[in-house]
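Inside the fold
Each chain, written out:
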Amino acid sequence: MMEYIPLDFPFLAAALLVGISFYIIIFKKNLIKLIMGIAMLAAGVNLFLVSLGYRAGGTAPIYTDVPEGPMVMSVPQALTLTSIVINVAVLALMLTMVIRIYRHTGSLDSEKSRRLKG
Amino acid sequence: MLTKIVRTVANQLILFIVIFGLYVIVHGHITPGGGFQGGAVVVSGIVMLLVAFSSQELKKLLRERVLSIVESSGAVIFIGLAFAGIGTVFFYNLLVGTPIFGRVPAIGPGPGDIWTGGVIPLMNFAVGLKVIAGLSAVVLALALFSGGEEVEE
Amino acid sequence: MAALITHSPILIIVIPLLAAFLTPLIGMTSRKARNVLVVVSLVFVAFLVFALARDISINGIHVYTLGATSPDLSIPTGFMVPVRIILEVDGMSVFFGIIWAIVSLAAAIYSLSHIASETGQNRFFTLLLLMVTGGFGMMFTGDLFNLFVFLEIASIAGAALIAFRTKFADTQEGGFKYIVVSAIASLMVLFAIGLLYAQYNSLNIAYLAQVIQYTTLDKIALGLFLIAFAMKTGMVPLHLWFPDAYSVAPASITGMLVITSHACMYAAFRICFTLYGGVINAPVVGWIIIIFGLLTMFVGVTMAVFQKDVMRFMSYHAISQLGYMWVGVGVGLAVLGNPGLLATYGRDAMSGGIFHILNHALYKPLLFFTGGALFHYTGTRDLTKMGGLAHKMKWTTILYIIGTLSISGIPPLNGFSSKILIYESVYQFNPILTITGIIVSILTLASFTKAFHSAFMGAELPEYKEVKEVPRSMIIGMVILAAGIVFVTLFPSLIVDWIIHPAADALIDPGPYISAVTGAIP
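Just so you know, these numbers come straight off a predicted model, no measurement behind them. As a convention, each chain's residues are numbered from 1 in the sequence order in which they are written. By the order in which they are written, chains take letters starting at A while ligands take numbers starting at 1. The predicted origin of the model limits local features to residues at a pLDDT of at least 70 and limits the giving and counting of side-chain atom pairs to 80 or more, whereas totals for whole chains, interfaces and linings rest on all residues.

**Some thoughts on the overall build of chain C**
Worth spelling out the cut-off: Helix numbers and strand numbers start at the N terminus; a helix is a DSSP run of H or I with at least 4 residues, a strand a run of E with at least 2. As a reference, a globule follows 2.2 Å times the number of residues to the power 0.38, and the radius of gyration itself is taken over C-alpha atoms. Counting other C-beta atoms within 10 Å of a residue's C-beta gives its exposure: the residue is buried at 20 or more, exposed at 12 or fewer, and partly exposed in between, where C-beta atoms are placed from the backbone. Once C-beta atoms have been placed from the backbone, residue pairs whose C-beta atoms lie within 7 Å are recorded as contacts.
In terms of helices and strands, chain C carries 20 helices and two strands. Against the globule reference of 24 Å for 522 residues, chain C gives a C-alpha radius of gyration of 22 Å, in line with a compact fold. Each of the three principal axes of chain C carries a C-alpha extent, and together these read 75 × 60 × 40 Å. Burial analysis of chain C (522 residues in total) assigns 63% to the buried set. For chain C, long-range pairs separated by at least 24 residues make up 80% of all intrachain contacts whose partners lie at least 6 apart in sequence.

**Let's talk about the overall build of chain A**
Within chain A, the secondary structure is distributed over three helices and zero strands. Secondary structure elements of chain A occur, N-terminal to C-terminal, as α-α-α. Relative to a compact globule of 118 residues, whose C-alpha radius of gyration would be 13 Å, chain A shows 20 Å and is clearly more extended. Burial statistics for chain A: of 118 residues in total, 24% are counted as buried.

**Comments concerning the packing of helix α4 (residues 91–114) of chain C against helix α19 (residues 492–508) of chain C**
All names here are of chain C. So the rule is basically this: Geometry is summarised by axes, namely lines fitted to C-alpha atoms with helices restricted to the contacting stretch, and by angles between N-to-C directions that run from 0 to 180 degrees. Should an angle fall under 35 degrees it is taken as roughly parallel, and over 145 as roughly antiparallel, whereas 65 to 115 is taken as roughly perpendicular and any remaining angle as oblique. Note that Gly is not counted as nonpolar here; it falls among the polar residues with everything else outside the nonpolar set of Ala, Val, Leu, Ile, Met, Phe, Trp, Tyr, Cys and Pro and the charged set of Asp, Glu, Lys and Arg.
Close contact between α4 and α19 brings their axes to 7 Å; oriented N to C, the two are set at 135°. Our classification of the angle between α4 and α19 gives oblique. Contact residues: Gly-91, Met-92 and Phe-95 in α4; Ile-499, Pro-502, Ala-503, Asp-505, Ala-506 and Leu-507 in α19. A breakdown of the residues in the contact of α4 with α19 according to their chemical character gives seven nonpolar, one polar and one charged.

**Re the nonpolar core**
All names here are of chain C. Which entries qualify depends on this criterion: Working definition: the nonpolar core is a set of buried Ala, Val, Leu, Ile, Met, Phe, Trp, Tyr and Cys residues, joined through C-beta atoms within 7 Å.
Counting residues in hydrophobic clusters, the biggest one holds 260 residues, and the most contacted among them are Leu-161, Ile-162 and Val-189. Element by element, the count of residues in this core is highest for helix α7 (residues 169–200), at 18 residues. Non-local contacts of Leu-161, meaning those with residues more than four positions away in its chain, are made with Leu-127, Leu-128, Met-131, Ala-249 and Ile-253.

**Some points on the interface of chain A and chain C**
Taken together, the 27 residues of chain A in the interface contact 26 residues of chain C. Looking at the side of chain A that touches chain C, the element that brings in the most residues is helix α3 (residues 75–105) of chain A, giving 15 residues. Tallied by class, residues from the side of chain A that touches chain C come to 20 nonpolar, four polar and three charged.

**A closer look at the interface of chain B and chain C**
Counting residues at the interface gives 15 residues for chain B, matched by 18 residues for chain C. For the side of chain B that touches chain C, the per-class residue count stands at nine nonpolar, four polar and two charged.

**Quick notes on helix α1 (residues 9–27) of chain A**
All names here are of chain A. Just so we agree on the cut-off: Here a helix's expected span is defined as the number of its residues, less one, multiplied by 1.5 Å. As used here, the arc belongs to the directions running from the helix axis to the C-beta atoms.
End to end, α1 covers 27 Å across 19 residues, agreeing with the expected 27 Å (1.5 Å per residue, within 8%). Those residues of α1 that fall on the buried side of the exposure criterion are Ala-14, Val-18 and Ser-21. Around the axis of α1, the buried residues are gathered within 70° of arc, so they sit on the same side. α1 presents Phe-9, Leu-12, Leu-16, Gly-19, Tyr-23, Ile-26 and Phe-27 as exposed residues on the side facing more than 90 degrees away from its buried surface. Looking at the buried positions of α1, the neighbouring elements they touch are α2 (31–51).

**Some points on the packing of helix α9 (residues 216–233) of chain C against helix α11 (residues 251–275) of chain C**
Residue and element names in this part refer to chain C. As a reminder of what qualifies: Should the near helix be turned anticlockwise from the far one by less than a right angle, the crossing is termed left-handed; should it be turned clockwise, right-handed.
For the pair α9 and α11, the least separation of the axes is 8 Å and the interaxial angle reads 160°. Between α9 and α11, the angle is such that the two are roughly antiparallel. The crossing of α9 and α11 is left-handed. Contact with α9, carried on its side by Phe-225, Leu-226, Phe-229, Lys-232 and Thr-233, involves Ser-261, Cys-264, Met-265, Ala-267, Ala-268 and Ile-271 of α11 and no other residues of that element.

**Brief notes about the environment of B:Gly110**
Residue and element names in this part refer to chain B. Structurally, Gly-110 is set in the loop between α4 (64–83) and α5 (120–147). Classification of Gly-110 by C-beta neighbours within 10 Å gives exposed; the count is 12. Along the primary structure Gly-110 and Val-66 are separated by 44 residues, whereas in three dimensions their C-alpha atoms are 41 Å apart.

**Comments concerning the pairing of strand β1 (residues 62–65) of chain C**
Residue and element names in this part refer to chain C. Here is the rule: Two strands are said to pair when DSSP picks up at least two bridges between them.
With burial as the criterion, each face of β1 is covered, one bearing His-62 and Tyr-64 and the other bearing Val-63 and Thr-65. Relative to strand β2 (residues 86–89), β1 runs antiparallel, the two sharing four bridges. Directly across from His-62, in β2, lies its bridge partner Val-89.

**Some details on unusual backbone geometry**
For the peptide bond that leads from C:Val236 to C:Pro237, omega is 5°, which places it in the cis range. Omega for the bond connecting C:Pro411 with C:Pro412 falls within 30 degrees of zero, at 0°, which places this linkage in the cis form. Of note, B:Phe101 is a non-glycine position whose phi angle comes to about 55°, a positive value. Looking at the secondary structure, you find B:Phe101 in the loop between α4 and α5. Residue class for B:Phe101 comes out partly exposed when judged on the 18 C-beta atoms lying within 10 Å of it.

**Some points on α3(A)**
Relative to the 45 Å expected for 31 residues at 1.5 Å per residue, α3(A) spans 45 Å between its end C-alpha atoms, a close match to the ideal helical length. Looking one or two places after α3(A), you find A:Gly106, whose phi comes out positive at around 75°.

**Section: the confidence of the model for chain C**
All names here are of chain C. Rules: The predictor rates its confidence in each residue with pLDDT, a number between 0 and 100.
Across chain C, the average pLDDT comes to 88, with 99% of residues at 70 or higher. Taken element by element, the predicted model of chain C shows its lowest mean pLDDT in helix α1 (residues 2–6) (84) and its highest in helix α6 (residues 144–162) (94). Quick note on the complex model: pTM equals 0.94, ipTM equals 0.93.

**Details of the environment of C:Ile442**
Tracing the sequence through the fold places C:Ile442 in helix α17 (residues 431–455). Note: C-alpha distance between C:Ile442 and C:Thr133 (309 residues apart in sequence) is 37 Å.

**Overview of the environment of C:Thr434**
Residues and elements named next belong to chain C. Assignment of secondary structure puts Thr-434 in helix α17. For the pair Thr-434 and Glu-424, spaced ten residues apart in the sequence, the C-alpha separation amounts to 7.8 Å. Filtering out sequence-adjacent residues up to four positions away, Thr-434 remains in contact with Tyr-423, Val-426 and Tyr-427.

Following this line, the structure appears as structure tokens:
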């Protein structure tokens, strides 16, 4: 059954995630929804990075009980891991700022809590 | 503070979570894992404690000065290990061939040898230390912050 | 000494990082020791950058491979491609490095007393040194993923520093806008890096420049890169976050953020000229950059004319001056395929754009620092409330005048040298660009004179009676930049021959950059 699933599925899923997240970032007004949109964009890009590292017939570069076959060089996995770590820091920073904005202005709406204009 | 059942279970489970997290950190060069992954597992255990007990209780356990010192020394150890090979090039793996973590792994399938890898396991320890201190400071600060108090200098 | 210069690319990046993490440990014991640590590490880094610049002008490109058995062994024996993280420093990189070293030293000295009344100063200096690390990493790296990581380091540290004064609501809003725009731009850069890695299986810029073919996916990647870096430098129409973030930050941080946006411009140049150098459709991309650069120049200065907040007013001017640089280098890109026109005016246009980067990096942080000095004792950034401050703040007035004359392009100051170079060469490409540039220059002078009049001139106001001259370290920070302006004013042709022309040549011809890494096959 596995041969009938086309190999493009992960890329379509990543493109769908990126598209939906851009819609959320541009059109939604709630600040928490904006942060969720950025988290979803990060998830889409990470999925794209992992799925482009697929090599048919390769095995993971771990020595314990490894089956026969060539081992892949795990560069895309390292890129994805670094991206996940960076996004953890970015999301923590954004959440802190949103909590402070809410404390100072009392609203999570991006139109009502604006102070800088012009 | 949640009920007595939750607190007791959390008290028993935290040991296993911390051991598993440290296992993931230490075996980072032979199995999937490493500094950040193991540190995140330990911090998830701390989040469990934060939910079971209140953040005020946890503030007495994890003092801010201790977390700051541990975090900074983790980073300084990492950069110091990278500087150790500056005789050749920065980040040079100078422990290959020496008895400390210096064996070359045998080619072919088999159980992994923990004493391989050179400087990499030591860097995993430093990064794990930094991640545990840093992320638990972040989690604790957010919990205290939404409860209403600020963390001043 | 020779060993120090060989290792200097990585030392310049790592010494601020080490100092950043030693700062909390040392700051717990004594404040003075921490201040000394910050200033000494930045002075040492500046010394290393100048030594490296001198060595590059004599010996050529420096390549540093991390973790190999020797620093320039970029392709190990038995391999056909470069496998490790490689730092590669050529004329363009070290030009930006010099700017960053000078401005970060001035900003650190300025911050020593500007934030002296705030809590959490250890964290401020840690984040400032992390931002310095991120900037140097972006300028010196030869690897695409390393560029992404250092871009994120600089953005996160910058956003945390913008939101440093947590008592006010508008700082949080500015910091939030900065981190959202940076996160989206960095994720687009990561997507483009993934597209390039999937096709060519390598992340090294020099190796990719050798093997790249201009497929559809490569065009998509180029578009994503340029949009992401244009978002970060505040090109119109993606500039709406720029004044909000730059006006609320502490003044020293705003000066450093300006150079961070210059570093993103450097990354865009590196991608257009070196990575896609041989295959890019130069006239099309060049014209797109020129048109958006013109819009940026014009929109920036027209929005600045009616501002009341002094820092917001200066940040709109920063947007418009960035437009000058895009136009200069865009003209050079548009004639890249045509050697005759390139020798006639293309190289001069690029030199003008790059020289304008140097001048802008000297007078713009100076102007932001004077704005911060105005804010320091009066407590307000509103120009309509200030008045008559020239009586008490003599040094600040003189430095503000120097900055104003520079930004408007009045001879003989340094702004004039770079603007005349841009005007003369761009006129031969298309006269409309020069005319727009001159109009923008006149409007700049008009708006700065108005701001000067309302803030400094006039009778003394009673509520500012106890305002005195700002503390000594803030003056020293501003004087460092003013000394740079005076130096460039007195010796423009020396600067152009020794620093600017090597940088422009390094961009026009990517050959030496590529062969420094891939030509090392044994």
